[in-house]
Amino acid sequence: MKPARAWQRMLSGRRLDLLDPTPLDIEIQDIAHGLSFVARWNGQTSGDFPYSVAEHSLLVERIFSELNPNSSPQARLVALLHDAPEYVLGDLISPVKAAVGYGYETLDEKLTEAIHRRFGVPAKISLDLKKKIKKADKISAWLEAIEIAGFAKHEADKFFGKFDKSYLTKFSIQIRPPALVRSDYIEKCFTLLDNSK
């Protein structure tokens, strides 16, 4: 028996089938809007606003670009979009993802492939690029843990790996209203798309 469709209506008017997403149903405005309201760390961060997945994604793209100065605009776009499926799936903390298991991973993979195709990125990216983005993601998580999530440095080192303290001054954590983050996310995406041509 085929599973029922799992539709999500977007503010753009698109209807996204979560079980069978297509590039035609994906808009950057929907991604940016959703991610700007999804809180990292289950909202357990300091500041007047939750630290959003959109803000995290902008930071990961900056770190990735700094670590890989010769990277293409397309590779930088993949870094920006690394958590894009969370605009509809939410940001589950790692222990919850592990408990949910294969079902969550399958949804995430299908949605990632549709998002990549929508923005002209290969549906599957190289292992080398994945590793580089993962390193930038871990540095971002390490910074966030220390700066806004209440971790001591030794705790952040234990969970995310040890990184040079210079990252603490080189990259700042910003906590901003969702509307500003959403606008910056959209602008960064369009800039990278324009530079990819």
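Above this text sits the structure in question.
Once a new chain begins, its residue numbering starts again from 1 and follows that chain's sequence as written. In keeping with the model being predicted, local features are shown solely for residues with a pLDDT of at least 70 and side-chain atom pairs are shown and tallied solely at 80 or more, while totals for entire chains, interfaces and linings include all residues. Side-chain numbers come from the whole structure's heavy atoms, not from hydrogens or water.

1. Thoughts on the overall build of the chain
- Helical segments are the DSSP runs of H or I of at least four residues, strand segments are the runs of E of at least two, and each set is numbered from the N terminus. Scanning the chain for helices and strands turns up ten helices and two strands.
- Traced from its N-terminal end to its C-terminal end, the chain shows the element sequence β-β-α-α-α-α-α-α-α-α-α-α.
- Overall, the C-alpha framework of the chain stretches about 50 × 40 × 35 Å when taken along its three principal axes.
- Only protein chains enter the area calculation, which uses a 1.4 Å probe; residues under 20% of their type maximum are buried, those over 50% are exposed, and those in between are partly exposed. Relative to its 197 residues, the chain shows a buried fraction of 45%.
- Contact between two residues is taken to exist if any of their heavy atoms lie within 4.5 Å; hydrogens are not considered. Sequence-distant contacts in the chain: of pairs separated by 6 or more residues, those separated by 24 or more amount to 66%.

2. Notes on helix α1 (residues 28-37)
- Extensive coverage of α1 is indicated by the burial of seven of its ten residues.
- Listing the buried residues of α1 in full gives I28, D30, I31, A32, G34, L35 and S36.

3. Some remarks on the environment of L192
- In this structure, L192 sits in helix α10 (residues 178-196).
- Under the relative-accessibility criterion, L192 is labelled buried at 1%.
- Separated by 116 residues in sequence, L192 and R76 have C-alpha atoms that sit 7.2 Å apart.
- Ignoring any residue separated from it by four or fewer positions in sequence, one finds L192 in contact with E61, P73, R76, L77 and L80.

4. Digging into the packing of helix α3 (residues 73-80) against α10
- To obtain an axis, a line is fitted to C-alpha atoms, over the contacting stretch when the element is a helix, and the angle between two such axes runs from 0 to 180 degrees between their N-to-C directions. The N-to-C vectors of α3 and α10 enclose an angle of 155°; their axes lie 8 Å apart at closest approach. One element, α3, and the other, α10, form an angle in the roughly antiparallel class. In the packing of α3 onto α10, the handedness of the crossing is left-handed. Contacts between α3 and α10 pair P73, Q74, R76, L77 and L80 from the former with Y185, K188, C189, L192, L193, N195 and S196 from the latter.
- All residues other than Ala, Val, Leu, Ile, Met, Phe, Trp, Tyr, Cys, Pro, Asp, Glu, Lys and Arg, Gly among them, are scored as polar; the first ten of these are nonpolar and the last four charged. Its residues assigned to classes, the contact of α3 with α10 comprises seven nonpolar, three polar and two charged. Roughly parallel covers angles under 35 degrees, roughly antiparallel covers those over 145, roughly perpendicular covers 65 to 115, and oblique covers all other angles. If you view the pair so one helix is near and one far, a crossing is left-handed when the near helix is turned anticlockwise from the far one by less than a right angle, and right-handed when it is turned clockwise.

5. Brief notes about helix α8 (residues 153-160)
- Buried within α8 are the following residues: A156, D157 and F160. In a view along the axis of α8, the buried residues occupy a sector of 100°, so they form one face of it. Exposed side of α8, more than 90 degrees from the buried face: H154, K158 and F159 are the residues found there.
- Those residues of α8 that are buried lie in contact with α7 (127-147).
- Looking at the residues trailing α8, positive phi occurs at G161, about 105°. Comment: arc refers to directions from the helix axis out to C-beta atoms.

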